[in-house]
Amino acid sequence: MTIIDSPTAIGSGSAATDNFKGERFTADTSPERLSAMASEALAGFSALIQKFGVTYDEYRVLKQWLIEVGEGGEWPLLLDVFVEHEIEDVNSRKFKGTKGSIEGPYYLPGAPELSSPATLPMRPEDRKQTPFIMRGQVTDLEGEPLAGSTIELWHADAEGYYSGFAPHIPDWNLRGTIVTDREGRYELTTIAPAPYQIPTDGPTGQFIEAAGWHPWRPAHLHLRVSAENQHPIITQLYFAGGEWLDSDVASATKPELLLNPHTDDCGRNVVRYDFTLDPLDA
Ligand code: DHB
Ligand code: FE
């Protein structure tokens, strides 16, 4: 028997499930709140079934598909694409600093610390992409610099794979924790990310195709910015004028999160982006 160790999108999905299962989460939801939310969810389902006259065939296909989503390890992928943006919206309204966006399924805590100016670890094939340089400052809401704050950055390679979730990529590739200097400033070099297609070879992708939707997310960087006594933000940055900005399958773009890079004399894409953090007690 030949074992083919080529990366698959389904592999990334189930790696994300394994990663998520590594932690045990709890919430202090009261029985009353749980009951009210569950009743409303079921009422929504009932209304939909009545409205469309859902058939038994459709019901059985739904059951079969839900089983496949679980067996394929795609629950994190499915929920982060279609649900997380709403959770993020509800939970970020009170903040005045830099806008957040969805975390998605591929965050890993503990990326190696790099002092600024930093270059993310990358392979020779990654180096063939256009270099991308981002610099800026992290401040609090009053504009006071936050020295020693950290910017955790992670993004996909040109093929749409994230290190830690695809066996062919070295650990921590295109990931890093950049520490700001005494003025809260940072500078980092990576490669310009490409638009990202959520996996099409699993049940989530089959569903998207069956509905005639597209599976694309605009090119994006994921970031988590944190500092002592400040509320950490998880966000994403996108590229002005890029493809899929207006139809992100994960509905996670915001106008405040657009980068406008220019080309410097060395042909590199360069951009400035500053982060503002809310206080912890906000
Ligand atoms: C998914 C992947 C991403 O890279 C992202 O930013 C958001 C969602 C996903 O596959 O669910
Ligand atoms: Fe992503």
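Rules behind the numbers
- Residues numbered from 1 in each chain as written.
- Chains lettered and ligands numbered in written order.
- Predicted model: local features only at pLDDT ≥ 70, side-chain atom pairs only at ≥ 80, totals over all residues.
- Heavy atoms only, no water.
- Buried < 20%, exposed > 50% of the residue type's maximum accessible area, 1.4 Å probe, protein only.
- Helix = DSSP H or I, 4+ residues; strand = E, 2+ residues; numbered from the N terminus.
- Phe/Tyr/Trp six-rings, centres within 6.5 Å; stacked < 30°, edge-to-face > 60°.
- Donors = N, O, S within 2.8 Å, 3.2 Å for Na, K, Ca; no water.
- Polar contact = N/O pair within 3.5 Å; in protein donor to acceptor, adjacent residues only side chain to side chain.
- Contact = heavy atoms within 4.5 Å.
- 1 Å grid on protein atoms, 1.4 Å probe; cavity = no way out; pocket = protein on both sides within 12 Å on 5 of 7 lines; lining within 4 Å.
- Points joined across faces, edges and corners; volume = space filled by probe spheres on them.
- Nonpolar A, V, L, I, M, F, W, Y, C, P; charged D, E, K, R; others polar.

*Asks:* Describe in detail helix α7 (residues 203–210), supporting the description with residues and values.
*Replies:* Burial in α7 covers these residues: P203, T204, G205 and I208. Looking one or two places after α7, you find G212, whose phi comes out positive at around 75 degrees.

*Asks:* Could you give an account of the packing of aromatic side chains, naming the residues involved and the relevant values?
*Replies:* The full count for this structure, using the stated rule, is 14 aromatic pairs. Measuring from centroid to centroid gives 5.9 Å for F82 and F207, while their planes differ by 80 degrees, and the two rings are edge-to-face. One end of the pair, F82, is in helix α4 (residues 75–82); the other, F207, is in helix α7, and 125 residues separate them in sequence. You can call F82 partly exposed: its relative accessible area is 27%. The class of F207 is partly exposed, set by a relative accessible area of 31%.

*Asks:* Explain the coordination of the iron ion (ligand 2) to me, and be specific about the residues and the numbers.
*Replies:* The protein atoms that coordinate the iron ion (ligand 2) are Y162 (OH), H220 (NE2) and H222 (NE2), at distances spanning 1.9 to 2.1 Å. Mapped onto the sequence, the residues coordinating the iron ion (ligand 2) show the spacing Y-x57-H-x1-H. With a gap of 58 residues between them, Y162 in the loop between β4 (150–154) and β5 (175–179) and H220 in strand β9 (residues 220–226) connect regions that are remote in the sequence. Each member of the pair, Y162 as well as H220, carries the same accessibility label: buried.

*Asks:* Quick rundown of the side chain of T98? Include the residues and the values.
*Replies:* Following the sequence through the fold, T98 ends up in the loop between α5 (84–92) and β1 (113–115). On the basis of relative accessible area, T98 is assigned to the buried category, the value being 11%. Side-chain polar atoms of T98 contact the backbone nitrogen of T276, separated by 2.7 Å. For T98, the contacting residues outside a window of four places in its chain are I233, Y273, D274, F275 and T276.

*Asks:* Residues and numbers for the environment of G241, please.
*Replies:* Relative to the elements of secondary structure, G241 occurs in the loop between β10 (233–239) and β11 (258–259). On the accessibility criterion, G241 (79% relative accessible area) is exposed. With 19 residues separating them in the primary sequence, G241 and N260 have C-alpha atoms 8.5 Å apart.

*Asks:* Give me the layout of surface pockets: which residues, what numbers.
*Replies:* Approximately 1500 Å³ is the volume attributed to the largest pocket. Looking at the lining of the largest pocket, the elements with two or more residues in it are α1 (9–21), α2 (31–52), α4, α5 and β10. At eight residues, the largest contribution of residues to the lining of the largest pocket is made by α5. Here the residues of the lining of the largest pocket sort into 19 nonpolar, eleven polar and 14 charged. By volume, the second largest pocket amounts to about 840 Å³. Forming the walls of the second largest pocket are 16 residues, and the residues nearest its centre are F45, L48, L62, W65 and F207. Secondary-structure elements contributing two or more residues to the lining of the second largest pocket are α2, α3 (56–71) and α7. If you tally residues by element for the lining of the second largest pocket, the top one is α3, at six residues. Class assignment for the residues of the lining of the second largest pocket results in 14 nonpolar, one polar and one charged.

*Asks:* Could you give an account of unusual backbone geometry, with specific residues and numbers?
*Replies:* Here the bond from S116 into P117 is cis, since omega is 0 degrees, no more than 30 degrees from zero. Within the secondary structure, P117 is located in the loop between β1 and β2 (118–119). Residues other than glycine seldom take positive phi values, yet L174 does so here, at roughly 55 degrees. Mapping L174 onto the fold places it in the loop between β4 and β5. Not every positive phi belongs to a glycine, and N229 is a case in point at roughly 65 degrees.

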